[in-house]
Amino acid sequence: MSDTTMHLSGSQGVSRRRFIAGTGSLLGAAALVGHGTAAHAATVAQAAPIGDGAHVPALVIGTGYGGSVAALRLAQAGVDVQMIEMGMAWDTPGSDGRIFCNTTAPDYRSYWLRTKTKQPLSNFFGIPIDKDIPRYTGILDAEDFSGITVYQGRGVGGGSLVNGGMAVTPKRENFGAILPSVNPDEMYNTYYPRANAGLGSGLIDPAWFDTVDCYQFARVGRKQAGRSGFPFVFVPDVYDWDYMKKESAGTVPKSAVAGEILYGNNYGKKSLQKTYLAQAKSTGRVTISPLHRVTSVSPGSGGYTVVIEQLNTNGDVTATKTVTSDKVFFAAGSVGTSKLLVKLKATGALPNLNGEIGRGWGDNGNVMCGRANYLWDPTGKVQASIPCGGIDNWNAGGAFAEVAPLPTGIETYASFYLSITKNPNRGTFSWNPAAGRVDLDWQTAWKQASIDMAKTIFDKINATEGTIYRTDLFGAYKIWNDTLTYHPLGGAVLNKATDNYGRLYGYPGLYVIDGSLIPGNTSVNPFVTITALAERNIEKIIAADLT
């Protein structure tokens, strides 16, 4: 799980008092680019949840990108699939008639089992803006570890529900550092195209971009990048661009143009519920059990024994079920899969997993910052919440920066960015027996490498423009948000913790098929690479293991 104002020194600035008065409605909209679905579009129909004692040919833990690919391709190959999803189905409108709440007004639907929001843009002029909310199985999980908070989507569709939808294929020249054991020819000739087609990714119309008010913020970002000698690149997205044009014209209900993204998108976003999962359901072979959480997988008679807890919307366990599956696919996301496998190895359920389990975890080098522009560079009162471009300094400075929206509904004169950097630091998950949990070894100080790389872009832009960094968005006098990631990767690395197709060593029929296979960095937003790798791996698994 994507994703503020004018220069405040000198004669061009406005007063602090006036600026605060004009921006009091800002409620952390900045995380739009990290990481749903439409209230008025077809949703994934739900059958009865899995029953205690059931036997299924294939069980997929998680409904994000890797799990959705696996479910669809297995079903198309004639295999019945049961998907287990910890979050909700997100197919029923609330009392306001909308499935998802707005980014600027988080309510009970916004966060996973929290009693206070934890917004990535948490402050304004150093003043905290988080608010109390009822505890509920909401859509965005801000999971705290030592030194870092990992934002993840919770619900049928996983991270696709809450990300900015930037569907970026890495430059081929960078691929060897991303997945060194994978043949780039097959990825770029077959699996990246297949993934992009399945996800429905497409580019913004450049002519429309150049004139529409809701992308003024991105045009300012392009202009300033160019003046400092950095290339601005358009990147594909999985938003319905035709719908976006109608939103902007006022002929359909507004969604991205109304700032929806961080806690779901009600109309135009092509989340997995509309793409891979819709196709999977149409086969008649895929069943999804929301509000179910896998706690154990172990060898048993007739397959693998899987223990599953059923939850209510308070997060309470209402039932515990034991089922059997011939094959189990771990697709709970980098954090979810890593935590589960580390626990299962340490507690003796899967003791033969190798020593690479839990290793190689990274944050995709995520850091966030804001810049204060002058009055002659307004970024627009209306900003579409879907980013469409970025600044590429990867080869020279180790950073790619999304030009991100801040859809507050007022003019902020701000440029905001989520940077992806070539941070070499990697964390490790380990079992904490005293606490009965999995911990992550990560240090906030490791983010300094990311900050230094991002500064190769923004120090130069500030010098060229005569502007400054914002220091009030992430705490008092804090320029960088260096305690989060939207792009968790690694923990069960391909060709180390698994074989080169995601098979877990020592346990035939157990597979990893999500972002935990990728060792910490993709150089761009990761979900297209996760999807393409899943397409590659499941094709091999079906051909070699199911015939």
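Counting restarts for each chain, with residues numbered from 1 along the sequence as it is written. Per-residue local features of the predicted model are confined to residues with pLDDT of at least 70, and side-chain atom pairs are confined, for both listing and counting, to 80 or more; whole-chain, interface and lining totals are unaffected and use all residues. Excluding hydrogens and water, the side-chain values take into account all heavy atoms of the structure.

Asks: Kindly report on the side chain of Asn364, identifying the contributing residues and their values.
Replies: Secondary structure elements are taken from DSSP: a helix is a run of H or I of four residues or more, a strand is a run of E of two residues or more, and numbering for both begins at the N terminus. With respect to the helices and strands, Asn364 occurs in the loop between helix 9 (333-346) and strand 12 (367-372). When a residue's accessible area, from a 1.4 Å probe over protein chains only, is under 20% of the maximum for its type it is buried; when over 50% it is exposed; and in between it is partly exposed. Looking at Asn364, the relative accessible area reads 0%, which means it is buried. N or O atoms closer than or at 3.5 Å make up a polar contact, with two conditions inside protein: a donor-capable atom paired with an acceptor-capable one, and, for residues adjacent in sequence, both atoms drawn from side chains. At a separation of 3.0 Å, a polar atom in the side chain of Asn364 contacts the main-chain carbonyl oxygen of Val524. When checking whether two residues touch, look at their non-hydrogen atoms; a contact exists if any pair is within 4.5 Å. When near neighbours in sequence (up to four residues on either side) are disregarded, Asn364 contacts Ile420, Thr421, His487, Leu489, Gly520, Asn521, Thr522, Ser523, Val524, Asn525 and Pro526.

Asks: Outline the sheet that holds strand 5 (residues 140-145), supporting the account with residue identities and numerical values.
Replies: Paired strands, as defined in this entry, are two strands with at least two bridges between them according to DSSP. Here we have three strands laid out as an open sheet, ordered 5-6-19, and mixed in their pairing. The open sheet has two edge strands with one neighbour each: strand 5 and strand 19 (484-485). Simply put, an axis is a line fit to the C-alpha atoms, just over the touching stretch for a helix, and the angle between two N-to-C directions goes from 0 to 180 degrees. Helix-sheet contacts for helix 9 involve strand 5 and strand 6 (148-153), and the interaxial angle to strand 5 is about 50 degrees.

Asks: Outline the pairing of strand 15 (residues 414-421), supporting the account with residue identities and numerical values.
Replies: In terms of burial, strand 15 is largely enclosed, as eight of its eight residues are buried. Both strand 12 and strand 15 contribute to a ladder of six bridges, which runs antiparallel. Its bridge partner being in strand 15, Met368 is matched across the sheet by Leu418. Taken together, the six bridges between strand 14 (residues 399-404) and strand 15 define a ladder with antiparallel strand orientation. By the bridge assignment for strand 15, Val403 is matched with Tyr417.

Asks: Go over the sheet that holds strand 12, please, and point to the residues and values.
Replies: Within the open sheet, the six strands sit side by side as 7-13-14-15-12-18. Their pairing is antiparallel. Only two strands of the sheet have a single neighbouring strand rather than two, namely strand 7 (232-234) and strand 18 (468-469). Along the sheet face, helix 11 (residues 448-465) touches strand 12, strand 13 (389-393), strand 14, strand 15 and strand 18 and points at about 10 degrees away from the line of strand 12.

Asks: Explain helix 7 (residues 241-249) to me, using residue names and the numbers behind them.
Replies: What helix 7 keeps buried is the set Trp241, Tyr243, Met244 and Glu247. All buried residues of helix 7 project into a common sector of 150 degrees when viewed along the axis, lining one side. In this structure, helix 7 carries Asp242 and Ala249 as exposed residues pointing more than 90 degrees from its buried face. Residues of helix 7 that are buried sit in contact with helix 5 (206-209). The N-cap residue of helix 7 is Asp240: its side-chain oxygen and the backbone nitrogen of Asp242 are 3.1 Å apart. What the arc measures is the spread of directions leading from the helix axis to the C-beta atoms.

Asks: Tell me what's going on with the nonpolar core, and back it up with residues and numbers.
Replies: Put simply, buried Ala, Val, Leu, Ile, Met, Phe, Trp, Tyr and Cys residues joined by side-chain atoms within 4.5 Å make one nonpolar core. Formed by 86 residues in total, the largest nonpolar core has its most connected members in Leu59, Val297 and Phe330. The element contributing the most residues to this core is helix 12 (residues 527-545), with nine residues. Leave out the neighbours within four places in its chain, and Phe330 touches Ile61, Val297, Thr337, Leu340, Leu341, Leu344, Leu504, Leu510, Tyr511, Val512, Ile513 and Asp514. Ile129, Ala142, Trp241 and Ile391 belong to the second largest nonpolar core, which has 70 residues in total.

Asks: Give a detailed account of the side chain of Glu411, specifying residues and quantitative values.
Replies: On the secondary structure map, Glu411 appears in the loop between strand 14 and strand 15. Positive: Lys, Arg. Negative: Asp, Glu. His and the chain ends are not part of the count. Salt bridges, as used here, are contacts in which a Lys or Arg side-chain nitrogen is within 4 Å of a carboxyl oxygen on Asp or Glu. For the buried Glu411, which has no salt bridge, the nearest side chain bearing the opposite charge is Lys381, at an N-O separation of 7.2 Å. A distance of 2.9 Å separates a polar side-chain atom of Glu411 from the backbone nitrogen of Thr379. Only 2.9 Å separates the side chain of Glu411 from the backbone nitrogen of Gly380, close enough to count as a polar contact. Excluding its chain neighbours within four sequence positions, the residues that come into contact with Glu411 are Pro378, Thr379, Gly380 and Lys381.

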